[in-house]
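The primary structure of each chain is shown beneath.
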Amino acid sequence: MTGTPPAPDLPEGLTVEALQQLCVRFATEAARFIRDERPERVGVAATKSSETDVVTVMDRRSEELLHRLIQQARPDDGILGEEGADVAGTSGLTWVIDPIDGTVNYLYEVPAYAVSVAVVVGDAHSQGGWVPVAGAVADPSLRLVHHAGRGRGAWTGPEDPASGDEPLRLSVSGEDRLGRTLLATGFGYDPQVRARQAEVLLRVLPLVRDIRRIGSAALDLVRVAEGSVDAYAETGLNAWDLAAGWLIVLEAGGVVLGAGEGEASAPGKALTVAAGPALAPEVRRLFVTTGDAAG
Ligand code: IPD
């Protein structure tokens with residue numbers, strides 16, 4: 001159905017379709033939870049890499065919910081989550097989860113945050129050592145869920161399947177000129193990394209149509225897949241930020257690249273670039289030559 005390489009071997013009796021349905025179900029349940037059970041005051045429960053890198057009580061509760069749902073349905077699979085879940089499975093599959101991607105937006109009630117759930121084959125801890133098989137990014141503010149299964153296309157559907165709204169197939173923009181590119185990007189939490197990212201932007205901004213800083217890497221990738229931005233580039237991403245969005249972009253006809261060759265050609269900490277096939281190498285070149293691919 002799509003040009004994406006076929007799914008790696010799955011445990012016997014399991015299909016990509018079944019995994020995709022589970023991704024949608026888990027992401028949707030967690031999205032409803034963080035929206036509908038949002039406390040009147042969402043406080044900062046802890047900080048991580050820096051004072052600006054916050055965790056709310058809802059990040060933790062959402063990850064606990066996802067953990068429980070995954071273990072009920074797939075007890076032999078591994079789990080790797082942003083808030084610390086790290087379960088070694090025995091099936092060869094690992095669930096890579098971000099319980100709230102865009103936590104700062106969630107904290108401030110800016111409606112651009114998401115729950116990202118992907119299932120991957122390989123070693124989810126190692127750069128270039130895993131590939132996503134199915135994934136879903138649920139957007140609680142818009143009550144939508146974006147999802148893909150390897151070889152099955154990328155789709156946006158309503159959070160409530162009984163709403164009667166038909167799922168829409170996603171397709172990346174056909175833009176191929178840097179000068180006409182609307183480029184999404186994001187910034188890490190470490191002040192030194194941010195200073196370097198700002199320097200890179202000084203050089204990139206005059207060359208593109210404009211930039212957008214949406215505040216959720218998962219939604220940035222979905223935006224590339226649906227063509228509402230032309231490209232996305234960011235350094236410093238973790239597996240949970242990009243696992244589901246990576247597959248959604250691929251299945252929408254796009255390309256997702258890392259900084260270099262071999263293992264480094266996979267997206268990750270050093271660099272993640274997503275765009276249509278004509279544009280992606282140019283955007284990558286721009287970020288590599290402007291020195292923002294150092295991690
Ligand atoms: C962050 C968001 C943000 C991106 C950061 C991520 P979090 O994830 O995706 O857009 O720029 O690099 O860390 O912390 O909100 O889950």
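Check the entry above for the structure.
As the structure is a prediction and not an experimental result, all values here were calculated from the model.

> Is there a simple way to explain the overall build of the protein chain in this structure?
Within the protein chain one finds seven helices and 15 strands. Classification of the 295 residues of the protein chain by burial places 53% in the buried group. The long-range share in the protein chain, meaning contacts at least 24 apart out of those at least 6 apart in sequence, stands at 62%. Accessible area for the protein chain stands at about 12700 Å²; split by element, carbon and sulfur atoms hold 51% of it. Each charge class in the protein chain was averaged separately, 26 positive and 41 negative side chains, and the resulting centres sit 4 Å apart.

> Help me out: how do you make sense of the pairing of strand 15 (residues 272-275) in this one?
One face of the sheet, then the other: side chains in a regular strand alternate in exactly this way. Of the two faces of strand 15, the one holding Thr272 and Ala274 and the one holding Val273 and Ala275 are both buried throughout. Sheet analysis places strand 13 (residues 231-234) next to strand 15, joined by four bridges and oriented antiparallel. Bridge assignment links Tyr232 to a residue of strand 15, and that residue is Ala274. The pairing of strand 14 (residues 255-257) with strand 15 spans three bridges and is antiparallel. For Val256, the partnering residue across the bridge sits in strand 15 and is Ala274.

> Can you walk me through unusual backbone geometry in this structure?
Outside of glycine, negative phi angles account for most residues, and trans bonds account for most peptide bonds. Residues other than glycine seldom take positive phi values, yet Glu109 does so here, at roughly 60 degrees. Note on placement: Glu109 falls in the loop between helix 3 (103-108) and strand 6 (114-122). Residue classification places Glu109 among the exposed positions, given a relative accessible area of 59%. Phi at Arg143 takes a positive value of approximately 55 degrees, unusual for a residue other than glycine. Along the chain, Arg143 turns up in the loop between strand 7 (130-139) and strand 8 (144-149).

> Looking at this model, I keep getting lost on the packing of aromatic side chains. Mind explaining?
Aromatic ring pairs are reported here in terms of the distance separating the ring centres and the angle at which the planes meet. Summed over the entire model, instances satisfying the criterion amount to three aromatic pairs. With centroids separated by 5.2 Å and ring planes inclined at 70 degrees, the aromatic side chains of Trp130 and Trp246 adopt a geometry described as edge-to-face. Residue Trp130 is located in strand 7, and its partner Trp246 is located in helix 6 (residues 239-251); the two are separated by 116 residues in the primary sequence. By the burial criterion, Trp130 is buried, and Trp246 matches it.

> Looking at this structure, how should I read the sheet that holds strand 4 (residues 86-87)?
Strand pairing in a sheet relies on backbone hydrogen bonds, with the paired strands running either antiparallel or parallel. Within the open sheet, the eight strands sit side by side as 4-3-5-6-7-8-9-10. Their pairing is mixed. Only two strands of the sheet have a single partner each, and these edge strands are strand 4 and strand 10 (168-169). Strand direction decides the pairing type here: strand 3 (residues 78-81) and strand 5 (residues 93-101), joined by four bridges, are parallel. The partner of Gly78 across the bridge, within strand 5, is Thr94. The strands touched by helix 2 (residues 57-73) within the sheet are strand 3, strand 4, strand 5 and strand 6, with strand 5 carrying the most contacts at an inclination of about 155 degrees. Sitting on the sheet, helix 5 (residues 217-226) touches strand 5, strand 6, strand 7 and strand 8, and the angle it makes with strand 7 is about 95 degrees.

> Can you help me understand the site of the ligand in this one?
The ligand sits among 16 residues. The nearest are Gly102, Thr103, Tyr189, Ala217 and Glu234. Here Ser216 contributes a backbone N or O atom positioned 3.0 Å from an oxygen atom of the ligand. Between the ligand and the protein, one listed contact pairs an oxygen atom with a backbone N or O atom of Ala217 at 2.8 Å. Considering the ligand on its own, with 380 Å² of exposed area, one finds that the protein chains cover 94% of that surface. Mapping the ligand onto the cavity grids shows that it belongs to the largest pocket. At three residues, the largest contribution of residues to the shell around the ligand is made by strand 5.

> When you look at the layout of surface pockets in this model, what are you seeing that I'm missing?
Rolled over the atoms, a probe with the dimensions of a water molecule shows which regions are left empty. By volume, the largest pocket amounts to about 770 Å³. Along the wall of the largest pocket there are 36 residues; nearest its centre are Asp53, Phe187, Gly188, Tyr189 and Asp241. For the lining of the largest pocket, the element with the highest residue contribution is helix 3, accounting for five residues. Within the lining of the largest pocket, the residues separate by chemical class into 11 nonpolar, 12 polar and 13 charged. Empty space within the second largest pocket amounts to approximately 360 Å³. Lining the second largest pocket are 17 residues; nearest its centre among them are Val24, His147, Gly157, Pro161 and Pro167. Listed by contribution, the elements that provide at least two residues to the lining of the second largest pocket are helix 1 (16-36), strand 8 and strand 9 (154-158). Ranked by residues supplied to the lining of the second largest pocket, first place goes to helix 1 with six residues. Looking at side-chain class alone, the lining of the second largest pocket contains seven nonpolar, five polar and five charged residues.

What counts as what
- Residues numbered from 1 in each chain as written.
- Predicted model: local features only at pLDDT ≥ 70, side-chain atom pairs only at ≥ 80, totals over all residues.
- Heavy atoms only, no water.
- Helix = DSSP H or I, 4+ residues; strand = E, 2+ residues; numbered from the N terminus.
- Buried < 20%, exposed > 50% of the residue type's maximum accessible area, 1.4 Å probe, protein only.
- Contact = heavy atoms within 4.5 Å.
- Areas by Shrake-Rupley, 256 points an atom, 1.4 Å probe, with all protein chains shown as cover.
- Lys, Arg positive; Asp, Glu negative; His and termini not counted.
- Charge placed at Lys NZ, Arg CZ, Asp CG, Glu CD.
- Pairing = 2+ DSSP bridges.
- Phe/Tyr/Trp six-rings, centres within 6.5 Å; stacked < 30°, edge-to-face > 60°.
- Axes fitted to C-alpha atoms, helices over the stretch in contact; angles between N-to-C directions.
- Near = heavy atom within 4 Å.
- Polar contact = N/O pair within 3.5 Å; in protein donor to acceptor, adjacent residues only side chain to side chain.
- 1 Å grid on protein atoms, 1.4 Å probe; cavity = no way out; pocket = protein on both sides within 12 Å on 5 of 7 lines; lining within 4 Å.
- Sits in = over half its atoms within 2 Å of the grid points.
- Points joined across faces, edges and corners; volume = space filled by probe spheres on them.
- Nonpolar A, V, L, I, M, F, W, Y, C, P; charged D, E, K, R; others polar.

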